Amino acid sequence: MNFVVKSKSSGNEYNVQVYATEDGPVITCDCPAGENGQYCKHRFALISGDESEVVEADAPVSEIAKLVAGSRLEATIDAMHKQEAVVKKAQADLKAIKKTVASAMLGRL
Ligand SMILES: [Zn+2]
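Residues numbered from 1 in each chain as written. Predicted model: local features only at pLDDT ≥ 70, side-chain atom pairs only at ≥ 80, totals over all residues.

Chemist: Honestly, helix α4 (residues 72-105) in this entry has me stumped. Any pointers?
Modeler: One turn of an α-helix holds 3.6 residues; hence residues three or four places apart share an orientation. Over its 34 residues, α4 extends 49 Å from the first C-alpha to the last, a length consistent with the 50 Å expected when each residue adds 1.5 Å. Among the 34 residues that make up α4, 0 are buried, leaving the element largely open to the surroundings. Positive phi appears at Gly107, one or two residues downstream of α4, with a value of about 70°. (Helix = DSSP H or I, 4+ residues; strand = E, 2+ residues; numbered from the N terminus. Expected span 1.5 Å × (residues − 1). Buried ≥ 20, exposed ≤ 12 C-beta atoms within 10 Å, placed from the backbone.)

Below is the structure:
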């Protein structure tokens, strides 16, 4: 499957290609991050079903989620979401501790 996405921020267009393999989907993007083998928001948006930046497609975006379901890719995305939640909780905990420290500095404990 081939998708052309147009970045809202830069206006640049990128090609996202999706291939089904025995081990799950392979998804490539020719944006600078994608070409360097890094995490790329264009692919992630399509995997999430976000087609707001799609300007051309030869298949429904929803077909990507079907390929991802049950794949190793899906497991790694789930792990990423879990870790993001851990980080978010840690940031909230740190913020609360800093408030306590600020109160302690003022002798309010
Ligand atoms: Zn990209």
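Chemist: Explanation requested: the pairing of strand β2 (residues 13-21) in the structure shown.
Modeler: The two faces of a sheet get side chains in turn, since along a regular strand they alternate between them. Sheet analysis places strand β1 (residues 2-6) next to β2, joined by 5 bridges and oriented antiparallel. Its bridge partner lying in β2, Val5 is registered against Tyr14. Remark: 6 residues form the turn of the hairpin made by β1 and β2, two consecutive strands paired antiparallel; Gly11 in that turn has positive phi of roughly 80°. Pairing of β2 with strand β3 (residues 24-29) involves 6 bridges; the strand directions are antiparallel. Residue pairing in the sheet places Ala20 in a bridge with Pro25 of β3. In textbook terms, the turn of a hairpin is the stretch between consecutive antiparallel strands, and for β2 and β3 this stretch comprises 2 residues. (Pairing = 2+ DSSP bridges.)

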